[in-house]
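Geometric and topological summary
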Amino acid sequence: MHLFAVLAGVLLFSSTLFAQGRGGPPLARIAPSDKAFDPHDLSGIWTRNGTPGGYGGGGTCADCGDRGFSNDVPPFTPLGQKLFDANKPSYGRLLGSADAAAHPEEAIGRRRAVPPANGTDPYQYCNPEGVTRALIYPDPVEFIQLPDRIYQHFEWGYGIRTIWLDGRKLTDDPDFLRWWGFSTARWDGNALVVESNGFDPRTWVDHFGYPHTDKMHLQERYRRTNYNTVELTMTITDPQVYTKPWVSQTKKFHLLPKDGIKTVDGWTGLLEDVCAPADEVDQFDKRVRDPAGGVTHK
Amino acid sequence: MQSNLAVALRLGAVFLIVSALLFAHHGTATSYDNSKTFTTQATVTEFRYANPHPQLYFDVKDDQGNVAHWSGEIAPNPAQLIQVGWGRKRSEAALAPGTVITITISPSRVMDAHVGLVQKIVGGSGELVLGTIALNPGGGEPTPKK
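Note that the structure is predicted; figures quoted are calculated from it, not measured. (Residues numbered from 1 in each chain as written. Chains lettered and ligands numbered in written order. Predicted model: local features only at pLDDT ≥ 70, side-chain atom pairs only at ≥ 80, totals over all residues.)

A closer look at the overall build of chain B
Going by this rule: Every helix listed is a DSSP run of H or I at least four residues long, and every strand listed is a run of E at least two residues long, numbered separately from the N terminus. Put simply, a residue is buried when 20 or more other C-beta atoms lie within 10 Å of its own C-beta and exposed when 12 or fewer do; between those, it is partly exposed, and each C-beta is set from the backbone. Two residues qualify as a contact pair if the distance between their C-beta atoms, derived from the backbone, is within 7 Å.
Assigned secondary structure in chain B consists of three helices and five strands. Helices and strands in chain B line up, N terminus first, as α-β-β-β-α-α-β-β. Residues counted as buried form 50% of the 146 residues belonging to chain B. In chain B, the share of contacts with a sequence separation of at least 24, taken over all contacts with a separation of at least 6, comes to 64%.

Considerations on the overall build of chain A
Helices and strands together make up the secondary structure of chain A, namely five helices and ten strands. Burial statistics for chain A: of 298 residues in total, 45% are counted as buried. Sequence separation of at least 24 residues holds for 62% of the intrachain contacts in chain A that already meet a minimum separation of 6.

Observations concerning the confidence of the model for chain B
Residues and elements named next belong to chain B. How we decide: Per-residue confidence from the predictor is reported as pLDDT, which spans 0 to 100.
Chain-level statistics for chain B give a pLDDT mean of 79 and a share of 71% at 70 or above. Across chain B, element-level confidence peaks in strand 2 (residues 55-61) with a mean pLDDT of 98 and bottoms out in helix 1 (residues 4-19) with 42. Scored below 50 in pLDDT, residues 5-25 shows 56 contacts in the model against residues more than four places distant or in partner chains. Throughout residues 135-146 the model reports pLDDT below 50, and contacts reaching past four residues in sequence, or to other chains, amount to 45 contacts. Two summary scores accompany this predicted model of the complex, namely pTM at 0.84 and ipTM at 0.82.

Examining helix 5 (residues 280-292) of chain A
Rules: Take the number of residues in a helix, subtract one, and multiply by 1.5 Å to get its expected span. By definition, a residue's bend is the angle between the axes fitted to the seven residues ending there and the seven starting there.
The first and last C-alpha atoms of helix 5 of chain A sit only 15 Å apart over 13 residues, clearly below the 18 Å expected at 1.5 Å per residue. Within helix 5 of chain A, the axis deviates most sharply at K286 of chain A, by approximately 45°. All of the buried residues along helix 5 of chain A are E280, F284, D285, V288, R289, D290, P291 and A292 of chain A. Contacts from the buried residues of helix 5 of chain A go to strand 2, strand 3 (67-73) and strand 5 (115-122) of chain B.

Observations regarding the pairing of strand 6 (residues 191-197) of chain A
All names here are of chain A. The following threshold applies: Paired strands, in this sense, are two strands between which DSSP finds at least two bridges.
Where strand 5 (residues 182-188) lies against strand 6, seven bridges are found, and the strand directions are antiparallel. From the neighbouring strand, D188 faces strand 6, where its bridge partner is A191. In sequence, strand 5 turns back onto strand 6 through a hairpin of two residues, with G189 there showing a positive phi of about 65°. Sheet analysis places strand 6 next to strand 7 (residues 217-226), joined by six bridges and oriented antiparallel. Within strand 7, the residue paired with A191 across the bridge is R223.

A look at the environment of S31 of chain B
Its place among the elements puts S31 of chain B in the loop between helix 1 and strand 1 (38-48). Distance from S31 of chain B to R109 of chain B, taken between C-alpha atoms, is 6.1 Å for residues 78 residues apart in sequence. Setting aside its immediate chain neighbours within four residues, S31 of chain B contacts P115, P116, A117, A292 and G293 of chain A together with S108 and R109 of chain B.

A word on the sheet that holds strand 5 of chain B
Residues and elements named next belong to chain B. Which entries qualify depends on this criterion: The angle between two axes is taken between their N-to-C directions and runs from 0 to 180 degrees, where each axis is a line fitted to C-alpha atoms and a helix contributes only its stretch in contact.
In spatial order, the strands read 1-2-3-5-4; together these five strands close into a barrel with mixed pairing. Each neighbouring strand pair of the sheet contributes to a mean axis angle of 55°, computed without reference to strand direction. Sheet topology note: the strand 2/strand 3 ladder contains seven bridges and is antiparallel. Of the residues in strand 3, the one forming a bridge with L56 is G72.

Here's the deal with unusual backbone geometry
Residues and elements named next belong to chain B. Omega for the peptide link from N51 to P52 comes to -15°, which places this bond in the cis form. Non-glycine residue D112 carries a positive phi angle of around 60°. Summarising the element assignment, D112 is placed in the loop between strand 4 (100-107) and strand 5.

A closer look at the pairing of strand 3 of chain B
Residue and element names in this part refer to chain B. Connecting strand 2 to the antiparallel partner strand 3 that follows it, the hairpin turn spans five residues, and G65 within it adopts a positive phi of roughly 90°. Pairing between strand 3 and strand 5: three bridges, direction parallel. Paired with E73 across the strands is L117, a residue of strand 5.

Here's the deal with the confidence of the model for chain A
On average, chain A scores 89 in pLDDT, and the residues at 70 or more come to 89%. Here residues 1-28 of chain A is a poorly scored stretch, pLDDT under 50, and it has 53 contacts once near neighbours within four places are set aside; other chains count.

Have a look at this one:
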């Protein structure tokens, strides 16, 4: 067989993988492992990233779900529709394009992208992503598990979230809202069930601009299905926006080895993927993003 | 001697790594028109190795000697660049001000904005700088059918 014929086959295969938005090759680290594990131990660095290294943005790994909350969106309430229409995302298929028209099977939220300079994505200004969006974004998250709490430390944005495991109950109507909300958890068999509320409504559910109010209640169910895999399903209950609870696509995370993330100097552990306004808003947005969208600054 | 298959698989693996960079992380692809992608010689004026968007600023001279100042978006962020060996020091050295490069750009959909998405950079010695830094044209990703 000629070299180029073989190479063409490899390239075609890999192109197909990426065309599906699924990311990287079938790495050993994402294969189910028969290694012993404690189903109540979620500690470690987990990733949904499809690159060979398992980090660095981009697409998700082959079996990890996509980058949206779910394509099956419940009908909006009138307020929900208004909030949805006000959000102008820059992810998904370009609004009004032939590409968008060719995919009617996708929810409209995934077919209405505008250039970032003309959009309203709060993360374009380095605001915190919020819980659901951070969990969906395909970059590593480290679970730091203590007896009475779990910290989720997200590489993207370098944000941290606390999930309490000390038996506390959520406050019905928190006095002050948080970008990362308030979270408490319990074990239901081998599932960690996290209940959260008190979310700042300026965050989006996902990067397609799905809205929520400050009354959103979020339930997450984590289950470690093998040594290498954690599965997550989320349910949003926000009757001011959605006419029934919205259940997410099942998302999977795979375990990254301790030295799985490494700088060119060999330094391991989560990278500092901070979106700093000094770099993004003052430089990139003003000098590149905005003029690319026809917005100029004097 | 390596078999053709082994060589092809090795090349394929490299392709997989650089292809991973094809994915936008920040939804900016909607700003650019891939159908108008072009290649030109340019001189670097500034390079910013920053999260989440590295930026390249460069001058392009036309046949009459007129100089246009361009701003370029580098799609992969530093986390992606280090996976293919392009750390800050190496990148900044390869794109120091005054460096002459051959650059492939997808320009903004806004006419004459002189802003573009950087698809490829070839240095003076023929080196592919920053790997292959193209971006997913859709700016997002396909979603599964219901």
